[in-house]
Amino acid sequence: MTAAYPASESPLVRTAEPPLSHWREWYAPLLLVFLPAAASLAFGAVEGWAWGAVSLGGLLLLLVWLVPAIARGRLSIAPNPLYAPALLFGLLAAFQWLSRRSVDPGATELDLVRLTGYGIFFFLAANLLATPRQLRRYAQAAAIFGFLLALFAIVQLLTFNGKIYWIFETRFGGYIVGPYVNHNHYAGLMEMLVALTVGLLLDRSVARERKPLVAFCGVLMAVSLILSGSRGGLVSFLFQVIFFFYLMLRRSRLGTGARIGRAWFAVPLLAAILIGFLWLDPGNISQRYAHFMNQSLAGEVGLELRPQATLDTLGIFLDHLPLGVGLGAFPAVFPQYCRFPMFRLWNYAHNDIAQVMAEMGVPGTLLLIWFFAALFRKGMLRSTDWPRQAGAGVRLGALLGCAGIFVHSFVDFNLHIPANAFWFFSLAGLATARSLEAGSDVLRMRPK
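Residues numbered from 1 in each chain as written. Predicted model: local features only at pLDDT ≥ 70, side-chain atom pairs only at ≥ 80, totals over all residues. Heavy atoms only, no water.

Engineer: So what's going on with the overall build of the chain? Residues and values would help.
Structural biologist: When you go through the chain residue by residue, the secondary structure sums to 16 helices and three strands. Looking at the chain as a whole, 56% of its 448 residues qualify as buried. Relative to all contacts within the chain whose residues are 6 or more apart in sequence, the contacts with residues 24 or more apart total 77%. Split by element, the accessible area of the chain, about 20000 Å² in all, is 67% carbon and sulfur. (Helix = DSSP H or I, 4+ residues; strand = E, 2+ residues; numbered from the N terminus. Buried < 20%, exposed > 50% of the residue type's maximum accessible area, 1.4 Å probe, protein only. Contact = heavy atoms within 4.5 Å. Areas by Shrake-Rupley, 256 points an atom, 1.4 Å probe, with all protein chains shown as cover.)

Here it is, written out as structure tokens:
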């Protein structure tokens with residue numbers, strides 16, 4: 001089969017990236033932090049106006065990049081292994097909606113719009129955070145935001161009056177930490193921001209004299225995570241620590257002694273986190289962790305119910321293998337499968353993985369496996385040479401953040417909180433993107 005164009009006339013040619021424009025070099029990384037940060041401050045962007053405004057901001061940023069580039073015939077799109085599973089997942093949800101195969105078409109339509117917003121941030125992070133300087137600016141801005149948010153959350157916990165920002169009352173109660181009604185979702189956000197700060201600490205592009213300040217920011221964020229009282233957050237954080245040591249000690253260009261030396265620098269940081277927690281803990285948080293399985297908060301779904309809810313959700317999956325019940329249709333179906341007394345509406349399965357399986361069936365499950373397998377495989381590859389390659393440390397931190405949310409997703413619904421989803425998909429794009437300075441190819445549109 002012959003090509004439609006001769007190689008010299010093809011509208012898509014592989015070439016090196018030109019020098020980045022000033023706005024892309026300076027403002028794009030900051031905006032990619034500002035928008036998800038605003039979503040986090042707006043109670044996690046669970047209200048329609050909040051996630052809609054942040055998605056609109058992402059769309060405008062996308063157009064500011066795309067329109068001039070297309071007009072000049074200089075559109076560059078970096079290849080990424082997550083494009084295919086993400087796009088196919090969206091097309092599957094669109095098919096459920098258009099064909100009315102969804103049990104709740106309205107919910108599927110709404111979740112499809114949200115998914116598009118998350119996809120915009122993933123695409124922007126994969127393409128606009130390409131150089132070590134951009135990665136450093138992005139991670140620094142995220143670390144500053146995380147530090148300020150953690151400081152606010154700790155002060156609010158110590159002076160709590162039952163209201164978010166000491167002003168806003170919640171309609172349905174909850175365990176408030178920072179701007180989040182649910183402490184588990186605050187912990188999910190901090191899992192990502194702490195990991196990104198650790199990546200910044202490791203990155204060779206960061207001046208040595210600034211690293212103690214970066215370390216202090218990370219320690220305070222981790223302390224606030226543990227003070228949130230989220231047991232799922234604690235388990236996820238401990239997994240991130242184990243995964244971090246694995247990444248540090250795995251095979252690389254460094255010798256065994258050098259790898260061990262670089263890994264064990266984290267031990268003093270972990271000790272500082274523990275001391276900070278014990279110092280600030282009013283007593284009830286450590287007691288809650290001591291009764292890990294059988295102490296639930298008022299209004300909180302207990303850990304004893306979540307395994308049964310997961311099994312009931314998998315029952316939905318087994319009964320709807322070909323296409324699932326439809327993206328976002330879980331609340332409409334779960335009451336028919338729930339085998340324990342329901343005292344409230346279950347909007348989420350408290351297991352994002354099982355819920356995706358129930359809603360999207362076998363095709364969606366396979367795409368989910370493809371997405372996470374590609375994320376971890378390519379993310380580990382991109383961050384292998386972090387001691388020598390500027391920017392690779394930040395990518396490693398992004399991968400650690402994604403790993404924390406992945407584990408937490410088995411016991412909670414962080415990826416259904418728009419603010420956390422914006423952060424997660426941004427980090428996924430960042431972790432798997434190829435650095436332009438590493439000589440990667442990009443697709444550029446040549447003018448006719």
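There's plenty left to go through after this.
Engineer: Before we move on, can you summarise the nonpolar core with the specific residues and values?
Structural biologist: One recurring pattern in soluble globular proteins is that nonpolar side chains are buried together. Tyr138, Leu375, Trp423 and Phe424 are the most contacted members of the largest nonpolar core, which has 123 residues in total. Of the residues forming this core, the biggest block, 13 residues, is contributed by helix 5 (residues 132–158). Leave out the neighbours within four places in its chain, and Trp423 touches Val33, Pro36, Ala37, Ser40, Tyr138, Ala142, Phe145, Leu189, Met192 and Leu193. Counting 13 residues, the second-largest nonpolar core is a separate cluster that includes Val325, Val333, Phe340 and Trp346. (Core = buried A, V, L, I, M, F, W, Y, C linked by side-chain atoms within 4.5 Å.)

Engineer: Tell me what's going on with the packing of aromatic side chains, and back it up with residues and numbers.
Structural biologist: Each aromatic ring pair is characterised by the separation of its centres together with the angle its planes make. Within the structure shown, the criterion is met by 31 aromatic pairs. Both rings, one in Phe424 and one in Phe425, keep their centres 5.1 Å apart while their planes meet at 80°; by these two values the pair is edge-to-face. By relative accessible area, Phe424 is classed as buried at 1%. Owing to a relative accessible area of 18%, Phe425 belongs among the buried residues under this scheme. (Phe/Tyr/Trp six-rings, centres within 6.5 Å; stacked < 30°, edge-to-face > 60°.)

Engineer: Quick rundown of the pattern of salt bridges? Include the residues and the values.
Structural biologist: Applying the stated criterion to the full structure yields four salt bridges. Among the salt bridges present, the one from Arg114 reaches Asp111, with a minimum N-O distance of 3.4 Å. One end of the pair, Arg114, and the other, Asp111, are both in helix 4 (residues 105–128), three residues apart, so they sit about a helical turn from each other. (Salt bridge = Lys/Arg side-chain N within 4 Å of Asp/Glu carboxyl O.)

Engineer: Can you explain helix 5? Please cite residues and give values.
Structural biologist: The end-to-end C-alpha distance of helix 5, which contains 27 residues, comes to 39 Å, matching closely the 39 Å that a straight helix rising 1.5 Å per residue would cover. Judged by how many residues are buried, helix 5 sits mostly within the fold: 19 of 27 residues are covered. (Expected span 1.5 Å × (residues − 1).)

Engineer: Please provide a residue-by-residue account of the packing of helix 12 (residues 306–319) against helix 14 (residues 352–382), values included.
Structural biologist: Contact geometry for helix 12 and helix 14: axes closest at 8 Å, N-to-C directions at 30°. One element, helix 12, and the other, helix 14, form an angle in the roughly parallel class. Between helix 12 and helix 14 lies a crossing whose hand is right-handed. Residues Thr310, Thr313, Leu314, Ile316 and Phe317 of helix 12 touch helix 14, and the partners they reach there are Ala354, Gln355, Met357, Ala358, Gly361, Val362 and Thr365. Its residues assigned to classes, the contact of helix 12 with helix 14 comprises seven nonpolar, five polar and no charged. (Axes fitted to C-alpha atoms, helices over the stretch in contact; angles between N-to-C directions. Parallel < 35°, antiparallel > 145°, perpendicular 65-115°, else oblique. Left-handed = near helix turned anticlockwise from the far one by under 90°. Nonpolar A, V, L, I, M, F, W, Y, C, P; charged D, E, K, R; others polar.)

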